[in-house]
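For reference, the chains in residue letters:
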Amino acid sequence: MGKRNMDALSEEEKRLFPLKTVTSVVSLFESILKRTTEPDLALLSIIVGCIENTLTCNQQILSGAKSTVITTTVDETSEKLLAIPPVRKEDDFPEIEWPIVEALYVKFRAVIKSSVDVTQYGCSEFATRELVKKVSDVIWNTLTRSYYKDRAHLQSLYSYLTGNKLDCFGVALAVVAGCQVLGFNDVHLALSEDHAWVIFGLDGKETAEVTWHGKGNEDKRGQPVDAGIQARSWLYVSGNPVICSRFTEVASLVSSINPSITATTDSLEVASMQQALLWVLYDTGHLTRYPMALGNLADLEELSPTPGRCHCGQLFSQAIEVARRCYGNSHVYPYTYQGGYFYRNRMYKEALESWANAADAIRSYNYSREDEEIYKEFLEIANELIPFVMKVEGSGHSARSILKDSECFAHLLRFYDGICQWEEGSCTPVLHIGWAKPLVNTISKFDSQVRRHVVISCSEVAEEDTPATKPPAKEQEKEERLVDSHVGGKTADQKAWLGSTVLAALTDLCGRTVLSPAFFLGPDTKTGSYTQAIHSLNISGTAASTDSPVKIVNKPKLYLRSHKMAGLKDLLLSEKLNTHAISLQLTAQSQVQLGGRKLRGEEAKDAKQEGRDANLSRPKRTRKE
């Protein structure tokens, strides 16, 4: 068990104080990150927390007569304000003195060391569950008796040491910093997209809850997180959290910085500091496995691009690539970050695709009440952002870009298919009439020709529930055989010409999936006039297709996996929409919910071997007479 040196900063680093510019803070972090020893989480959290709280919570700075405000457009319906303190350069802070930082740092070490007797837990090199729970108890018992889930600026040790207040992430960070003070360097943060816990022990195989999420969950502290992973809750990202090193923990405390002064006003200095520190961590390779931090950096770059740096769009794409490569596509926010960026820049087709990809990521989970944050995210997309896109695209000349694009309709269906599958197997329903009305209104914006241009297939389970529906892939093979039978004996060029040009044009004009060449050419067509007839149809079909609102492109193919959307297939492709039937189907309770939780993977195999239905988590109760 290693011992920490009380002299947390070198003399050269102390000479950077008082900190009063972004440059001085960046220089301090660069010096600390270049060390061979691990950075001190408590010290760095106190420093950035002190700067953040000074600039966002000190009303005297913001209320000066010479204060100016910069207005920056954030989306189509709101604006965000960047407040600049009076008579200061863009990167100046009120001075942060070393004695103040040192006093808070010494106080934190004293609280931890005076409350935890390490000798009671043996002299092992690795922390035990009992020790982690004890440190968690120390932090927990010194907080004010209130929950601060949605309060800003409570994630740093500065908030803890000056006001005894911490949010969910702040408690977890304080526990890890406390264990570091005690010399246990095997305790690290594990971060999902809305929760944090710790790993410890040899090779970090042990997990423990150390913080709360929502009200009344403090009794989970000290317990492993296996139950949350097995329940397939998004809160635990299927056991694919960001496992932090000490440097990634520094990245997490920088990423958690909140520049907000009010709901509509940000501190420009805090945002600049966060952006500069994230680039330092990016350059040193500590964001390579951290999608959330990459997304935060991309958001900051969108508002204020750094000269010589990559475009924010590349950072959004990089966050998605990391989520797919390192975490099995278990993270949702990288897609919603990118979708928000496309939405703000009026790239609506790309936004729809990003939101559909987000729904693909969420479909593997079971919804629970603890997933309220991501639920609100999807609800906003479905009920506010997508309807706004349809409103904008449904007016003027721009109506041809989205509403006449069958790929956009496919993205929309894929988005709702993911939400419906998220609901399947969950104890709590997701969709209600508030979801159905915007969906029906949005679908009705698409013309029937556009809707029927999407080739939809369903999963085997869904097809069993809707026997009237046949796989479009099989229909397509049958159609191809039918075409070949009518043009048999002709040259390959004639077949390709007829199939690719004439049928494509006439199919889009008539909105049908099967058209017989013999129907147009007639049974008595002579060989000499065959080519002429094809040429005539080709010219007329091409001319007619010029006026068609649907472009002749490869038909987008969509595979529906949820029961609800598979049941809606025929309704969605019909010429006249039955909006009432669509609403009923969408808000109906999922079939898999009726018998309880749907079983997946190994549970389903065990149930099958025992002769139980894999869609039921428990046997039905016998009815009492």
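Everything below is about the structure shown above.
Residues numbered from 1 in each chain as written. Predicted model: local features only at pLDDT ≥ 70, side-chain atom pairs only at ≥ 80, totals over all residues. Heavy atoms only, no water.

(A) Region of the structure containing the overall build of the protein. Counting its secondary structure elements, the protein contains 29 helices and 12 strands. Counting only contacts in the protein whose residues sit at least 6 apart along the sequence, the fraction spanning at least 24 positions is 70%. (Helix = DSSP H or I, 4+ residues; strand = E, 2+ residues; numbered from the N terminus. Contact = heavy atoms within 4.5 Å.)

(B) Local environment of the pattern of salt bridges. Applying the stated criterion to the full structure yields 20 salt bridges. The salt bridge partner of K20 is E95, with a shortest N-O separation of 3.8 Å. Of this pair, K20 sits in strand β1 (residues 19-21) while E95 sits in strand β4 (residues 92-96), and the two are 75 residues apart along the sequence. Among the residues examined, K20 registers a relative accessible area of 39% and is labelled partly exposed. For E95, a relative accessible area of 45% puts it in the partly exposed group. A single network of salt bridges, built from pairs that share partners, joins D360, R363, R414 and D417. (Salt bridge = Lys/Arg side-chain N within 4 Å of Asp/Glu carboxyl O. Buried < 20%, exposed > 50% of the residue type's maximum accessible area, 1.4 Å probe, protein only.)

(C) Fine view of the sheet that holds strand β8 (residues 242-243). Pairing is antiparallel across the open sheet formed by 4 strands, whose spatial order is β7-β6-β5-β8. Looking at strand neighbours, the two that pair on one side only are β7 (206-208) and β8, the edges of this open sheet. Against the sheet, helix α10 (residues 246-255) touches β5 (188-191) and β8, its axis set at about 55° to β5. (Pairing = 2+ DSSP bridges. Axes fitted to C-alpha atoms, helices over the stretch in contact; angles between N-to-C directions.)

(D) Focus on the nonpolar core. Counting residues in each nonpolar core, the largest one holds 157 residues, and the members touching the most others are F108, F378, F415 and W422. Residue assignment places this core across two domains, with domain 1 (9-60 + 90-258) and domain 2 (363-460 + 555-588) each supplying three or more. Those residues in contact with F378, other than ones at most four positions away along the chain, are V332, A358, A359, I362, F415, I419, W422 and W435. With 6 residues, the next largest nonpolar core counts I199, V225, L235 and Y236 among its residues. (Core = buried A, V, L, I, M, F, W, Y, C linked by side-chain atoms within 4.5 Å. Domains from an automatic or database assignment.)

(E) Highlighting helix α5 (residues 98-115). Here α5 is 18 residues long and its end C-alpha atoms lie 26 Å apart, about the 26 Å a rise of 1.5 Å per residue gives. Those residues of α5 that sit buried are W98, V101, L104, Y105, F108, R109 and I112. When α5 is viewed along its axis, its buried side chains cluster within an angular range of 140° and face the same direction. The exposed set on the far side of α5, more than 90 degrees from its buried face, consists of P99 and S114. (Expected span 1.5 Å × (residues − 1). Arc of directions from axis to C-beta.)

(F) Looking closely at the packing of aromatic side chains. Under the counting rule described, the total for this entry stands at 18 aromatic pairs. Their ring planes at 55° and their centres at 5.9 Å tell us that F378 and W422 sit as a pair that is tilted. Here F378, found in helix α16 (residues 372-393), pairs with W422, found in helix α18 (residues 406-423); they are 44 residues apart in sequence, far enough to count as distant. By relative accessible area, F378 is classed as buried at 0%. Within the aromatic cluster, the residues linked to one another by ring pairs are Y367, Y375, F378, F415, Y416, W422 and W435. (Phe/Tyr/Trp six-rings, centres within 6.5 Å; stacked < 30°, edge-to-face > 60°.)

(G) Looking closely at the side chain of D371. Mapped onto the elements of the fold, D371 is located in the loop between α15 (348-362) and α16. K220 is the oppositely charged side chain nearest to the buried, salt-bridge-free D371, at an N-O distance of 9.8 Å. Polar side-chain contacts of D371 include one of 3.4 Å to the backbone nitrogen of L235. Apart from residues no more than four positions distant in its own chain, D371 is found in contact with S233, W234, L235, N366 and W422. (Lys, Arg positive; Asp, Glu negative; His and termini not counted. Polar contact = N/O pair within 3.5 Å; in protein donor to acceptor, adjacent residues only side chain to side chain.)

(H) Seen up close, the state of the cysteines. Scanning the entire structure with this criterion turns up 0 disulfides. Free cysteine: C312, not disulfide-bonded; nearest cysteine sulfur from C310 at 8.9 Å. (Disulfide = S-S within 2.5 Å.)

(I) A look at the environment of L352. As for its position among the elements, L352 is in helix α15. Residue contacts for L352: discarding those within four places in its chain leaves I386, I402, C408 and H411.

(J) Fine view of the packing of helix α3 (residues 41-57) against helix α11 (residues 268-283). It is the contact of α3 with α11, at a shortest axis distance of 9 Å, that shows an interaxial angle of 155°. The angle between the axes of α3 and α11 places the two elements in the roughly antiparallel class. Residues V48, I51, E52, L55 and T56 of α3 lie in contact with α11, whose contacting residues are E269, V270, M273 and L277. Residues that form the contact of α3 with α11 fall into these classes: 6 nonpolar, 1 polar and 2 charged. (Parallel < 35°, antiparallel > 145°, perpendicular 65-115°, else oblique. Nonpolar A, V, L, I, M, F, W, Y, C, P; charged D, E, K, R; others polar.)

(K) Molecular detail of α15. Over its 15 residues, α15 extends 21 Å from the first C-alpha to the last, a length consistent with the 21 Å expected when each residue adds 1.5 Å. Of all the 15 residues making up α15, 11 are buried; the element is thus mostly covered by neighbouring parts of the structure. For α15, every residue scored as buried is listed here: Y348, A351, L352, S354, W355, A356, N357, A358, A359, A361 and I362.

(L) The arrangement of the packing of helix α8 (residues 168-181) against α10 in detail. Direction vectors running N to C along α8 and α10 enclose 145°, while the axes themselves pass 12 Å from each other. You can see that α8 and α10 cross each other, and the crossing is left-handed. Residue-level inspection shows F169, L173, V176 and Q180 of α8 in contact with α10, the latter providing R246, E249, S252 and L253. In terms of residue class, the contact of α8 with α10 is built from 4 nonpolar, 2 polar and 2 charged. (Left-handed = near helix turned anticlockwise from the far one by under 90°.)

(M) Inspection of unusual backbone geometry at higher detail. Residue P18 is bonded to the preceding F17 through a cis peptide linkage, with omega at 0°. Along the chain, the position of P18 falls in the loop between α1 (11-14) and β1. The residue S238 is not glycine, and still its phi comes out positive at about 55°. The class for S238 is partly exposed, based on a relative accessible area of 28%. Within the chain, N329 stands out as a residue other than glycine whose phi angle is a positive 55°. Its place among the elements puts N329 in the loop between α13 (312-327) and α14 (333-344).

(N) Region of the structure containing the environment of L41. In this fold, L41 is placed in helix α3. As a C-alpha pair, L41 and V250 span 209 residues in sequence and 6.7 Å in three-dimensional space. In contact with L41, not counting residues within four places along its chain, are L173, V176, A177, Q180, R246, E249, V250 and L253.

(O) How the structure looks around the pairing of β5. Of the two faces of β5, both are covered, the one formed by H188 and A190 as well as the one formed by L189 and L191. In terms of strand pairing, β5 meets strand β6 (residues 196-200) through 4 bridges, oriented antiparallel. Residue pairing in the sheet places H188 in a bridge with I199 of β6. The antiparallel pairing of β5 with β6 creates a hairpin that spans 4 residues between the two strands. For β5 and β8, the ladder comprises 2 bridges, and the chain directions are antiparallel. Among the inter-strand pairings, L191 is bridged to a residue of β8, identified as V242.

(P) Quick peek at the side chain of D167. For D167, the position within the fold is in the loop between α7 (157-163) and α8. Reaching out from D167, the side chain makes a polar contact with the backbone nitrogen of F169 at a distance of 3.4 Å.

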